[in-house]
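Here is what each chain is made of, one letter per residue.
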Amino acid sequence: MEYQNPQPVVPSRPAASPVTSPGPGRTVISETAVAKVAGIAARAVPGVYSLGSGPSRALGAIRDAVGSSDHAAGVHAEVGETQVAVDITLVASYGTPLHSLANDVRAAVYRAVEELVGLQVIEVNVEITDVYVPPPVKPAAPAAVDREALL
C-alpha cells in the first residue's frame, strides 16, 4: 500500500519573503522508499552484521559482487495513510548484547522514518536470526620463508 498525502506541503520560508501557496497535488511514498530508509538506519547501528535471512543475504552477496546493493533487503514496511509498521530481520555480530541491539535498531528506525519520511511509526519488529562469528585469524604464512631456505 502506498501513502498518499492529500494535503499540499507548504515549504517554510523566511518571513521577509512573500509566501506563495503551491498548487494542488499529492505526495505518494511507497513501501520500498520507507523500507530503504529503515534499512539504511538499521545498518548504521553498531553490532548489525547484515540484514536479511540466509537466502536474501546470499542474493545480497551476489549484488555486492556486481557493484549493486539493495538497501531494503531484510526490511518489510507496511505503509498506511499516516502510519507505518516496519519488520526487520538481521544478523548480529558476535559479542553484541542482542536485546540492546534490537532496542538500538528500533530507536534508529523510528527516528529515521519519522524524520525523513514524515510518517508516524507505530511499531518496529526486530528479528535476530543469526549471530556472525568471524573466522579465526590465520597467522602470516611462514611456509614461504621455509621454501626459500630450501632453494
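Whatever comes next refers back to the structure up there.
Presented here is a report on the structure given in the accompanying data block. Everything quoted here is computed from the prediction, not taken from an experiment. (Residues numbered from 1 in each chain as written. Predicted model: local features only at pLDDT ≥ 70, side-chain atom pairs only at ≥ 80, totals over all residues. Heavy atoms only, no water.)

### Examining the overall build of the protein
And then number 1: Within the protein, the secondary structure is distributed over four helices and six strands.
And then number 2: Moving toward the C terminus, one meets the helices and strands of the protein in the order β-β-α-β-α-β-β-α-β-α.
And then number 3: Considering the protein as a whole, with its 151 residues, one finds that 28% of them fall into the buried category.
And then number 4: At a minimum sequence separation of 6, the contacts of the protein that also span at least 24 residues come to 70%.
And then number 5: With an accessible surface of roughly 10000 Å², the protein has 57% of that area assigned to carbon and sulfur atoms. (Helix = DSSP H or I, 4+ residues; strand = E, 2+ residues; numbered from the N terminus. Buried < 20%, exposed > 50% of the residue type's maximum accessible area, 1.4 Å probe, protein only. Contact = heavy atoms within 4.5 Å. Areas by Shrake-Rupley, 256 points an atom, 1.4 Å probe, with all protein chains shown as cover.)

### Observations concerning the side chain of threonine 89
And then number 1: Along the chain, threonine 89 falls in strand S5 (residues 83-93).
And then number 2: With relative accessibility at 19%, the residue threonine 89 sits in the buried group.
And then number 3: For threonine 89, the contacting residues outside a window of four places in its chain are Leu51, Gly52, Ser53, Gly74, Glu127 and Thr129.

### A word on the environment of alanine 35
And then number 1: If you trace the backbone, alanine 35 turns up in helix H1 (residues 31-43).
And then number 2: For the pair alanine 35 and valine 113, spaced 78 residues apart in sequence, the C-alpha to C-alpha distance is 9.0 Å.

Read these as layout, nothing more, since geometry by itself doesn't imply function.
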